Amino acid sequence: MAHLFRDLSLGHSKRESTTTPPPLQTKPQSMPSKLTSTDLQSPFGQLASQLTDSDLRLTSYDVFLAVCRTSSSKPLSTSASFNSDSPILNSPSENHNHSPNTPALQRSLTSAAASKMKKALGLKSPGSSSGSKKSPGSGPGSGHGKSKRPMTVGELMRIQMRVPETIDSRVRRSLLRIGGGLVGRRIESVVLPLELLQQLKQSDFTDQQEYVEWQKRNLKVLEAGLLLHPRVPLDKSNNASQRLRQIIHAALDRPIETGKNNESMQVLRTAVMSLASRSDGSLSDSCHWADGIPLNLRLYEILLETCFDINDETSIIEEVDELMEHIKKTWVILGINQMLHNLCFTWVLFHRFVATGQVEMDLLYAADSQLAEVAKDAKATKDPDYSKILSSTLTSILGWAEKRLLAYHDTFDSGNIYTMQGIISLGVSAAKILVEDVSTEYRRKRKGEVDVARNRIDTYIRSSLRTAFAQRMEKADSSRRASRNQLNPLPVLAILAKDVGELAVHEKQVFSPILKGWHPFAAGVAVATLHACYANEIKQFISGIMELTPDAVQVLRAADKLEKDLVQIAVEDAVDSDDGGKAIIREMPPYEAETAIGNLVKGWIKTRVDRLKEWVDRNLQQEVWSPQANQEGYAPSSVEILRIVDETLDAFFQLPIPTHPTLLPDLMVGLDKCLQYYAIKAKSGCGSRNTYIPTMPALTRGETGSKFQGVWKKKEKLQNSQKRNSQVTTMNGDNSFGVPQLCVRINTLHRIRSEMDVLEKRIITHLRNCESAHVEDFSNGLNKKFELTPAACVEGVQQLSEAVAYKIVFHDLSHVLWDGLYIGEPSSSRIDPLLQELERNLLIISETVHERVRTRIITDIMKASCDGFLLVLLAGGPCRAFTRQDSQIIEDDFKALKDLFWANGDGLPADLIDKFSATARGVLPLFRTDTDSLIERFRRVTLETYGSSARSRLPLPPTSGQWNPTEPNTLLRVLCYRNDDTASKFLKKTYNLPKKL
């Protein structure tokens, strides 16, 4: 019968070998293979029987031969390349006595035209890929001859399945006998293992052991197909199944006699046919012995695997179209249909890709292409059995793909990145079928609501990047530990930020372009995931920071840079999206690293400012304001506070932060308040102008000619002195408030005011050297100025200058002014003693006070002297009285007072003297005006001031302290101190003023 498989030429097949064939094999060969073990479990389910892979292979070969042997088709013509002189016709194998009546098996193989199936699946020919690729014809058991080629489908299948010729010959002989009995019936109407058991005897085998193993295999096949995995479920009470189970178990221990008329064989046949003939609901007369799941799928899977070249296991043979045509003939026995075929073939292609090291992408693309057919089938049927197998197969494929895609950073590198797209496509296709055609959840939703591909890719991206992030974090921690002994090692989160940034760039460049085929914003999702991962760490870090440290700043700056980089990638990725990437950006709530840095720096500023304020309190309590402390005449504490402020500014600009310009105002406000506080404390307790001006005594009228005048004048002098002294007792007994000390205070405030400009210029210089500053940060000088301190210093100098002036005039020189000037007889108590004391004090001022404020203080002393001079004239008390003749003395004394400050042109400017002596110059002429004129002027001015209500009785004008020749109170006071009877009588009559207090 061998000539039926070899008597036709091969044509243009590339399968040939020059190796010497081995001797005839009598036992089935193991399947030598380069296939690697995989973690893939068969999705069709595990067989409950003890059938080995070899048992299944031989059984599937039996089925293949049976259906091809009995199929009706006429022999095909030989190929054009047939050569009658071919040495294969003279092969010894043609002497085997085989029947020529097997037209299906003897069909010649032609490969002149490219395989339609391979073309449809996008598969290359074996010879087109690299490496040494030999045809099945060169394998063992391929027969004899120098250029041995398989020429028929039958021979090709035998070689592909590595079935020895002896086994092949034995099976075909049996099939011839079986075929003789199939009058008017088809092969699917018999139970093939049962018929083989009856046809073959021990004498057909080379030894008893081979026969026993063969018999056990067929019995186990019957057990699997009829008892363990029947097409039609068994009833527990079925007697035939119980009998068959007993027979098989007994036969497995002891071989049974299988003769045609043997009783044990008859019992076996009865039991087998009873079970195999049960109807599955169809109208056919088929016997159901190999069409139960998963047995049929496992047998069919083995047949489909023969489409792969046994010498190049990543390639499908050229003759696949003809081979597949014959394989499909087994459907009638195995219960396969087109949908199951599509599903099985998808699995076989996918499994082969995985088992061969995942290098032949054509296999993966072919599986994906075949999966498209499966998707059509899934939509066309709701068969529960098919859906179960479909779900299992797709789940297995998807599980394998997702195992790689959920951590694709670990799976793919530069060496295998080309496989990623195919694996994604296959996984997404499987997921879509599972969700859209298998899942009941999906059917309850509108289809537009679920984008399976995008959802899966989204899941892969987020999962893989979370895993990659965790790995980078562990790596960063290891790097930190390794660099522990190095100088200034980077903090873990700073290392992590750098690594995550690199990971994001790698993702964008390598993976996102591939993933974008299924998810339009793959890079955006990736960086959003990394952003969220790092957010968990940085927020925990920020919550634990108590103070500003170099490590904290490093981490926060690194986090801020990372965030900006991630957001930039997201924005670029979403540039074409409808919302401009807002959805992705919403997934990336800010780390607030700059805010955290700002808060830490503000805390740092507050600490420094609080310490400085405490320092001011502590040091000003100890400050003695001594003029001898230094040559410049200012307090040592001012030098120290300015040094601290300068150092604080330097320390601030040395902070490794990116926001110096933003946070500088906070620091300046704090330092400004401290310096203002110093200025306020420096002038505190020193008094003011009003502190030293004595209280004006009550109005009296002059008493003329009394012989007791000298006595009451002395008493009045003592009383007035006591009243004045009571106001300034708080100033006495504390050397820190003496004139020299007050001058030091003035110098100190002036120095601080001057240094403000220096500090502001230094700040601008710092900003120019600051990496994070922009032109506008230092061009706008208004934001870089101290506002409170200069004003406080100016106010302090003004207050202290007046305090010094009025202290000198009204307190230190009271014995020559208030207690001496014009007491009793004016001619004998003139201004000369006062001028001498003033000159001495002016000399002290000139030596002590800084030249920039010297003029101001001398001006205030002149102003105080003028005020004191007028106060003596207009509110000097009952001990003073003036005649019209005394006016010349007064005017001469006042000129002498002005000349003291003029100093022959070396003193105050004339215009300044004129300005502050204007009030006195306006009042002094009243002292030479006659009394009647004064009374008349007083009446007129009072009436003008108070109106008609003053006609009946002149009201007593209040004391304003603002002396003016046209002011009623000033005129009244000149009358009060006029030493004549007319004035005294007028005052007695009008106001009943007393002559003494």
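Here the structure is a predicted model, which means the values were calculated and not measured. (Residues numbered from 1 in each chain as written. Predicted model: local features only at pLDDT ≥ 70, side-chain atom pairs only at ≥ 80, totals over all residues. Heavy atoms only, no water.)

What about the overall build of the chain?
Applied cut-off: Secondary structure follows DSSP: runs of H or I at least 4 residues long count as helices, runs of E at least 2 residues long count as strands, and numbering of each begins at the N terminus. In this analysis, two residues are considered to be in contact whenever any of their non-hydrogen atoms come within 4.5 Å of each other. Here the Shrake-Rupley method, with its probe set to 1.4 Å, supplies the accessible areas, and only the displayed protein chains count as covering residues.
If you tally the helices and strands in the chain, you get 39 helices and 2 strands. For the chain, long-range pairs separated by at least 24 residues make up 80% of all intrachain contacts whose partners lie at least 6 apart in sequence. Entry remark: accessible area of the chain is about 45400 Å², with carbon and sulfur atoms responsible for 50%.

A look at the pattern of salt bridges
As a reminder, the rule being used: What counts as a salt bridge is simple: a side-chain nitrogen of Lys or Arg found within 4 Å of a carboxyl oxygen of Asp or Glu. Relative accessibility thresholds used throughout: buried, under 20% of the residue-type maximum; exposed, over 50%; partly exposed, between the two (1.4 Å probe, protein chains only).
In this structure the tally under the stated criterion is 36 salt bridges. For Arg298, the salt bridge identified is with Glu301, shortest N-O distance 3.4 Å. Of this pair, Arg298 and Glu301 both sit in helix H11 (residues 295-305), 3 residues apart, which is roughly one turn of the helix. Assessed through its relative accessible area of 6%, Glu301 is described here as buried. The closest approach of N and O atoms between Lys683 and Glu795, which form a salt bridge, is 3.2 Å. In this pair, Lys683 is assigned in helix H27 (residues 660-683) and Glu795 in helix H32 (residues 788-812), connecting sequence segments 112 residues apart. A residue is classified by how much of its surface remains accessible, and Lys683, at 10% relative accessible area, is buried. Put simply, Asp53, Arg298 and Glu301 are held in one network by salt bridges that share partners.

So, helix H15 (residues 361-380)
Inclusion rule: Take the number of residues in a helix, subtract one, and multiply by 1.5 Å to get its expected span.
Along its 20 residues, H15 runs 29 Å from first to last C-alpha, staying within 8% of the 28 Å computed at 1.5 Å per residue. Among all positions in H15, only Met361, Asp362, Leu363, Leu364, Ala366, Ala367, Asp368, Gln370, Leu371, Val374, Asp377 and Ala378 are buried. Looking at the buried side of H15, the elements it contacts are helix H4 (116-121), strand S1 (308-309), strand S2 (312-316), helix H14 (338-355), helix H16 (384-405) and helix H18 (420-438).

Digging into the packing of aromatic side chains
Heads up, the condition is: For this analysis, a ring pair means two rings from Phe, Tyr or Trp (six-membered ring only for Trp) whose centres lie within 6.5 Å, classed as stacked if their planes differ by under 30 degrees, edge-to-face if by over 60, and tilted for the remaining angles.
Counting across every chain of the model gives 17 aromatic pairs. A ring pair is formed by Trp604 and Phe652, whose centres lie 6.4 Å apart and whose planes are at 35°; its orientation type is tilted. Of this pair, Trp604 sits in helix H25 (residues 593-622) while Phe652 sits in helix H26 (residues 636-654); the two residues are 48 residues apart in sequence, bridging distant segments of the chain. Taking relative accessible area as the criterion, Trp604 reaches 13% and is therefore assigned buried. Under the relative-accessibility criterion, Phe652 is labelled buried at 0%.

So, helix H39 (residues 981-991)
What counts, and what does not: Note: the arc covers the axis-to-C-beta directions of the helix.
Within H39, the full set of buried residues consists of Ala983, Ser984, Phe986, Leu987, Thr990 and Tyr991. Projected onto a plane normal to the axis of H39, the buried residues spread over an arc of 165° and lie on a single side. In H39, the exposed residues that point more than 90 degrees away from the buried face are Lys985 and Lys989. Tucked inside the fold, the buried residues of H39 contact helix H37 (931-946) and helix H38 (968-976). Positive backbone phi, at 55°, marks Asn992, one or two positions downstream of H39.

Focus: the packing of H25 against H26
Heads up, the condition is: An axis is simply a line fitted to the C-alpha atoms; with a helix, the fit covers only the stretch in contact. Between two such axes, the angle follows the N-to-C directions and lies from 0 to 180 degrees. When describing relative orientation, an angle under 35 degrees is termed roughly parallel and one over 145 degrees roughly antiparallel, while 65 to 115 degrees is termed roughly perpendicular and anything else oblique. Gly counts as polar in this scheme, as do all residues outside two lists: the nonpolar Ala, Val, Leu, Ile, Met, Phe, Trp, Tyr, Cys and Pro, and the charged Asp, Glu, Lys and Arg.
One can describe the packing of H25 onto H26 by two numbers: an axis separation of 11 Å at closest approach and a directional angle of 170°. When the axes of H25 and H26 are compared, the pair comes out roughly antiparallel. Taken together, the residues of H26 that come into contact with H25 (itself represented by Val601, Trp604, Ile605, Arg608, Leu612, Trp615, Val616 and Leu620) are Ser637, Glu640, Ile641, Ile644, Val645, Thr648, Ala651 and Phe652. Broken down by class, the residue content of the contact of H25 with H26 amounts to 12 nonpolar, 2 polar and 2 charged.

Notes on the environment of Thr330
Topologically, Thr330 is positioned in the loop between helix H12 (320-327) and helix H13 (331-334). When its relative accessible area of 0% is taken as the criterion, Thr330 is described as buried. Taking C-alpha positions, Thr330 is 9.2 Å from Glu188, a pair spaced 142 residues apart along the chain. Those residues within four positions of Thr330 in sequence are excluded, and the remaining contacts are Val63, Phe64, Val67, Tyr300 and Leu303.

As for the confidence of the model for the chain
Regions with low pLDDT carry predicted coordinates that are not meant to be interpreted in detail. The line we're drawing: The predictor attaches a confidence to each residue, and that confidence, scored 0 to 100, is pLDDT.
When pLDDT is averaged along the chain, the result is 83, and 82% of the positions lie at 70 or above. By mean pLDDT, the top-scoring element of the chain is H11 (96), and the lowest-scoring one is helix H1 (residues 2-6) (34). Low pLDDT (under 50) marks residues 1-24, which in the prediction has 101 contacts with non-local residues, meaning those over four places away or in another chain. Residue range residues 72-101 is modelled with pLDDT below 50. Its contacts to residues more than four positions away, or to other chains, number 56 contacts.

Looking at the side chain of Ser464
By secondary structure assignment, the location of Ser464 is in helix H20 (residues 452-482). According to the relative accessible area criterion, Ser464 is buried, its value standing at 1%. Once you skip the residues sitting within four places of it in the chain, Ser464 turns out to touch Leu405, Leu406, Ala407, Tyr408 and His409.

A few points about the pairing of S2
Note the cut-off: One bridge is not enough; two strands pair if DSSP finds at least two bridges between them.
Counting buried residues along S2, 5 of its 5 residues qualify, which places the element largely inside the surrounding structure. In this structure, S1 lies alongside S2, joined through 2 bridges in antiparallel fashion. Paired with Asp309 across the strands is Asp312, a residue of S2. Hairpin remark: S1 followed by S2, antiparallel, with 2 residues in the connecting loop.

Structural notes on the environment of Met157
Tracing the sequence through the fold places Met157 in helix H5 (residues 153-160). Residues Met157 and Tyr61 lie 96 residues apart in sequence; the distance between their C-alpha atoms is 8.2 Å. The contact partners of Met157, leaving out residues within four places of it in the chain, are Tyr61, Phe64, Leu303, Thr306, Leu323 and Ile327.

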